[in-house]
Amino acid sequence: MLKSEEKHWSQMSSATSTIQVSGLARTKLDALRSQAKAAGVTAEVYAKQLIEEGVALEQQARSKTFDALYGPAQERFRKSGMKEEVLDELVDAARTRHHRRTTRKKN
């Protein structure tokens, strides 16, 4: 987490709310705990951060145009010097790998 994000989290309202999540697969809960540990926080704090980030991202997506959201990525791509044809090849290869994996799982 960046220093500015840490400051943001520490300045959030101290109002207490409780949410209970049922039906979460054990593997998902284990992954949440593992990611929280790697971030150096409790699973509860990590889940809270994920919820807050998700809500903020949703608000941003609803309030900005696609060009405003995607513009920085387009600019970085232009600066990278990569040709669109090379990117197309990378995306096609990734799609093919994904299709092969998902097809094998179904069979």
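Structure: above.
Chemist: I keep staring at the overall build of the protein chain and nothing clicks. Help me out?
Modeler: A tally of regular secondary structure across the protein chain gives 5 helices and 0 strands. Along its sequence from the N terminus, the protein chain presents helices and strands in the succession α-α-α-α-α. Buried positions account for 6% of the 107 residues belonging to the protein chain. Of the roughly 9,700 Å² that the protein chain leaves accessible, carbon and sulfur atoms contribute 54%.

Chemist: Explain the packing of aromatic side chains here, please?
Modeler: For any pair of aromatic rings, geometry is given as the distance between the ring centres together with the angle between the planes. Summed over all chains, the structure comprises 1 aromatic pair. Here the aromatic rings of Phe 66 and Tyr 70 are separated by 5.3 Å at their centres, their planes lie at 20°, and the arrangement is stacked. One end of the pair, Phe 66, and the other, Tyr 70, are both in helix H4 (residues 66–80), 4 residues apart, so they sit about a helical turn from each other. The exposure class assigned to Tyr 70 is partly exposed, which follows from its relative accessible area of 39%.

Chemist: Whenever I open this one, the pattern of salt bridges confuses me. Can you help?
Modeler: As a working rule, side chains carrying opposite charge can pair if their charged atoms are close by. Taken as a whole and judged by the stated rule, the model has 5 salt bridges. Put simply, Lys 48 and Glu 52 hold a salt bridge, and the shortest N to O gap is 3.1 Å. Of this pair, Lys 48 and Glu 52 both sit in helix H3 (residues 43–63), separated by 4 residues, roughly a single helical turn. Overall, the relative accessible area of 39% leaves Lys 48 in the partly exposed class. On the basis of relative accessibility, which here comes to 22%, the residue Glu 52 falls in the partly exposed class. Note that Glu 75 and Arg 78 form a salt bridge whose closest N and O atoms lie 2.9 Å from each other. Here Arg 78 and Glu 75 lie together in helix H4, a separation of 3 residues that amounts to about one turn. For Glu 75, a relative accessible area of 34% corresponds to the partly exposed category.

Chemist: Any chance you could explain a positive patch on the surface here in plain terms?
Modeler: Side chains of Arg 97, Arg 100, Arg 101, Arg 104 and Lys 105 sit close together on the surface and give a patch of like positive charge. Locating Lys 105 in the fold gives a position in helix H5 (residues 84–106). Look at Lys 105 and you get exposed, because its relative accessible area is 73%.

Chemist: Can you help me understand a nonpolar patch on the surface in this one?
Modeler: Together, Ile 19, Val 21, Leu 24, Ile 51 and Val 55 give the surface a local cluster of nonpolar side chains, amounting to about 490 Å² of exposed area. Locating Ile 51 in the fold gives a position in helix H3. Judged by its relative accessible area of 48%, Ile 51 falls in the partly exposed class.

Chemist: Help me understand the environment of Arg 62, please; the structure alone is not making it clear to me.
Modeler: The topology assignment puts Arg 62 in helix H3. A polar contact is formed between the side chain of Arg 62 and the side chain of Glu 58, at a distance of 2.5 Å.

Cut-offs applied
- Residues numbered from 1 in each chain as written.
- Predicted model: local features only at pLDDT ≥ 70, side-chain atom pairs only at ≥ 80, totals over all residues.
- Heavy atoms only, no water.
- Helix = DSSP H or I, 4+ residues; strand = E, 2+ residues; numbered from the N terminus.
- Buried < 20%, exposed > 50% of the residue type's maximum accessible area, 1.4 Å probe, protein only.
- Areas by Shrake-Rupley, 256 points an atom, 1.4 Å probe, with all protein chains shown as cover.
- Phe/Tyr/Trp six-rings, centres within 6.5 Å; stacked < 30°, edge-to-face > 60°.
- Salt bridge = Lys/Arg side-chain N within 4 Å of Asp/Glu carboxyl O.
- Patch = residues over 30% accessible without salt bridge, like charges linked within 9 Å, V, L, I, M, F, W, Y side chains within 5 Å.
- Lys, Arg positive; Asp, Glu negative; His and termini not counted.
- Charge placed at Lys NZ, Arg CZ, Asp CG, Glu CD.
- Polar contact = N/O pair within 3.5 Å; in protein donor to acceptor, adjacent residues only side chain to side chain.

Remember that the coordinates give geometry; whether it matters functionally is a separate question.
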